[in-house]
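In case you want the letters, here they are:
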Amino acid sequence: MTLGYSRPPMGPLRVALLGAFRVTVGDSALLAGGVKQRAVLAMLALHPGEAVPEARLIDGIWGEETPSGVRNALQVYVAHWRRVLAEAGCEERIEREAAGYRLTIEPSGVDVHRFGVLLDHARVALDEERHEVAATRFDEALGLWTGDALQDFASMPFQRWE
């Protein structure tokens, strides 16, 4: 199954978690799938470049009521995202690492992390009495919020953890 791009989207991978979950490459939205499938990428994006143990992914998405075959379901969800990222021409990948998975995305590709950096820059500018720069950075940081953080995952354990 291909995503039907006449040409692959261009630009960096971006994952939005501060409001509705969105995954984009350039101006193109990527197919996200069901809530559990989206949660896999969300959990990996919360820890950019770090291996997230398979057990943590399973506990964070399914909680204590883990059905049989859950590891197979997780592998299917990861395979979906690998295919989507590859077909979109992304440099970012999901890699298997030890007993988990790692999304090879820069922290700047995830709105939660961009928010933190902008907030830090605003605070430094404020300390240096560069008020216009501070105000601009605070505005940019607040502009990333389009709703409640991780709002699409309110029923999942990892939403409370994070």
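Up top is the structure these notes are about.
Residues numbered from 1 in each chain as written. Predicted model: local features only at pLDDT ≥ 70, side-chain atom pairs only at ≥ 80, totals over all residues. Heavy atoms only, no water.

A. Quick peek at the side chain of D111. If you trace the backbone, D111 turns up in helix α4 (residues 111-127). Buried within the structure, D111 lacks any salt-bridge partner; its nearest side chain of opposite charge belongs to R22, at an N-O separation of 5.4 Å. Looking at D111, its side chain comes within polar contact range of the main-chain nitrogen of L17, at 2.9 Å. Not counting residues within four places of it along the chain, the set of residues in contact with D111 comprises V15, A16, L17, L18 and L144. (Helix = DSSP H or I, 4+ residues; strand = E, 2+ residues; numbered from the N terminus. Buried < 20%, exposed > 50% of the residue type's maximum accessible area, 1.4 Å probe, protein only. Lys, Arg positive; Asp, Glu negative; His and termini not counted. Salt bridge = Lys/Arg side-chain N within 4 Å of Asp/Glu carboxyl O. Polar contact = N/O pair within 3.5 Å; in protein donor to acceptor, adjacent residues only side chain to side chain. Contact = heavy atoms within 4.5 Å.)

B. Representation of the side chain of E92. Take E92: it is sitting in the loop between α3 (70-87) and β5 (94-97). R93 is the oppositely charged side chain nearest to the buried, salt-bridge-free E92, at an N-O distance of 6.6 Å. With residues near it in sequence (within four places) discarded, E92 still touches P12, L13, L85, T104 and I105.

C. Molecular detail of the pattern of salt bridges. Inspection of every chain in the model, using the stated rule, returns 7 salt bridges. The salt bridge partner of R71 is E54, with a shortest N-O separation of 2.7 Å. In this pair, R71 is assigned in helix α3 and E54 in helix α2 (residues 54-62), connecting sequence segments 17 residues apart. Note on R71: relative accessible area 47%, which makes it partly exposed. Judged by its relative accessible area of 7%, E54 falls in the buried class. Across the pair E95 and R102 runs a salt bridge whose closest N-O atoms are separated by 2.3 Å. What emerges from the salt-bridge pattern is a single network uniting E54, R71 and R96.

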